[in-house]
Amino acid sequence: MNEPLVIWGEDGFASSSGWATVYATHPVTGEYLSQQQAWVSVGTGLPAGAYLDAPAQAAPGSVVVRTSSGWVSVDDYRGQQAFDTLTRQSVVISELGELPPHFTLIPPSSPFDIWDESLQCWVKDQAQENAMLVQQAQQQRQALISEASQEIAVLTDALDPDIISEPSAEDQVKLIAWKAYRVALSKVDQQPGYPQAITWPPRPGYSAIE
């Protein structure tokens, strides 16, 4: 037995009850969900969010949404991570439509990246990175120089003839090594790769580090 199909009156309501093929949308976003069969009773219209005209196929990265002017294609970035081009902070997109202003899907590659609007990409702020590297290098150098100065002070006392009657030749060698080490530390900023690449002088008794 064939199922009855709805017959529509000139007023847009059903003149006889029956089934209609409809295209259902999400009640909040208006995006197309699926093709369905809806029962329409005489004197009534389509269920809310249901339409008779079929939507076009959505393009990759978009969905079809019903608006007052019909079906339209809308960008869909939901669930994707976007990055604020002013702060580099990331958010997860939760709504349909174009990306918010000042946001991109391209992740920055370093904490020193800034967004180049003309190139539409991140570029590294080399001056900012260098400033941080210099600060880190200066802090490390000061810590190593302080350690060396402590060792030199102890060895100097150990070689003081007013304190030690027979100064050790081994202590003399150590003193010279620590003094040479302290001088080398003071000159690390003269290396050609400074501050991106620093070869730290070897601590007396150890190998060089980078």
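On a predicted model such as this, the values are computed, not experimentally measured, just so you know. (Residues numbered from 1 in each chain as written. Predicted model: local features only at pLDDT ≥ 70, side-chain atom pairs only at ≥ 80, totals over all residues. Heavy atoms only, no water.)

1. A closer look at the overall build of the protein
This is how it is decided: Every helix listed is a DSSP run of H or I at least four residues long, and every strand listed is a run of E at least two residues long, numbered separately from the N terminus. Between the two quantities, the radius of gyration covers C-alpha atoms and the globule rule is 2.2 Å times the number of residues to the power 0.38. Buried residues are those whose accessible area, probed at 1.4 Å on protein chains only, stays under 20% of the maximum for their type, while exposed residues exceed 50% and partly exposed ones sit between those limits. Any pair of residues with heavy atoms lying within 4.5 Å of one another is described as a contacting pair. All accessible areas in this document rest on Shrake-Rupley with a 1.4 Å probe, and a residue is counted as covered only by the protein chains that are shown. His residues and chain termini do not enter the charge count, which takes Lys and Arg as positive and Asp and Glu as negative. Where a charge sits is defined by one atom per residue type, namely NZ (Lys), CZ (Arg), CG (Asp) or CD (Glu).
Within the protein one finds 2 helices and 12 strands. Secondary structure of the protein in N-to-C order comes out as β-β-β-β-β-β-β-β-β-β-β-β-α-α. On C-alpha atoms alone, the protein measures out to a radius of gyration of 38 Å, which is more than a quarter above the 17 Å that the 2.2 N^0.38 rule sets for 210 residues. Overall, the C-alpha framework of the protein stretches about 120 × 35 × 25 Å when taken along its three principal axes. Within the span of the protein, comprising 210 residues, buried residues form 27% of the whole. Look at the contacts in the protein between residues 6 or more apart in sequence, and 35% of them connect residues 24 or more apart. For the protein, the exposed area adds up to about 13700 Å²; of that, 54% sits on carbon and sulfur atoms. Taking the 10 positively charged and 25 negatively charged side chains of the protein as two groups, their mean positions are separated by 14 Å.

2. Observations concerning the pattern of salt bridges
Cut-off, in case you're wondering: When a carboxyl oxygen of Asp or Glu lies within 4 Å of a side-chain nitrogen of Lys or Arg, that pair is called a salt bridge.
Enumeration over the complete set of coordinates arrives at 7 salt bridges. With a shortest N-O distance of 2.8 Å, E31 and R78 are connected by a salt bridge. Taken together, the positions of E31 in the loop between β3 (18-25) and β4 (32-40) and R78 in the loop between β7 (70-75) and β8 (81-84) put the pair 47 residues apart, joining distant regions of the chain. Relative accessible area serves as the criterion here: at 11%, E31 is assigned to the buried category.

3. A few points about the sheet that holds β4
What counts is decided by this rule: Here, a strand pair is defined by DSSP locating no fewer than two bridges between the strands.
Reading across the sheet, the 3 strands line up as β4-β3-β5 and stay open at both edges, with antiparallel pairing between neighbours. Each edge of the open sheet is held by one strand with a lone partner, namely β4 and β5 (50-51). The pairing of β3 with β5 spans 2 bridges and is antiparallel. Its bridge partner being in β5, A24 is matched across the sheet by A50.

4. A closer look at the nonpolar core
Spelled out, the test is: Each nonpolar core is a collection of buried residues, namely Ala, Val, Leu, Ile, Met, Phe, Trp, Tyr and Cys, held together in the definition by side-chain atoms within 4.5 Å.
One finds W178, Y181, L185, I198 and W200 to be the most contacted residues of the largest nonpolar core, which totals 15 residues. Where this core is concerned, the elements lending two or more residues are α1 (126-158) and α2 (169-186). With 6 residues, the top contributor of residues to this core is α1. Every residue in contact with Y181, bar those within four places of it in the chain, is listed here: L144, E147, A148, P201, P202, R203 and P204. Among the nonpolar cores identified, the runner-up in size contains 7 residues, and V22, A38, V40 and A50 belong to it.

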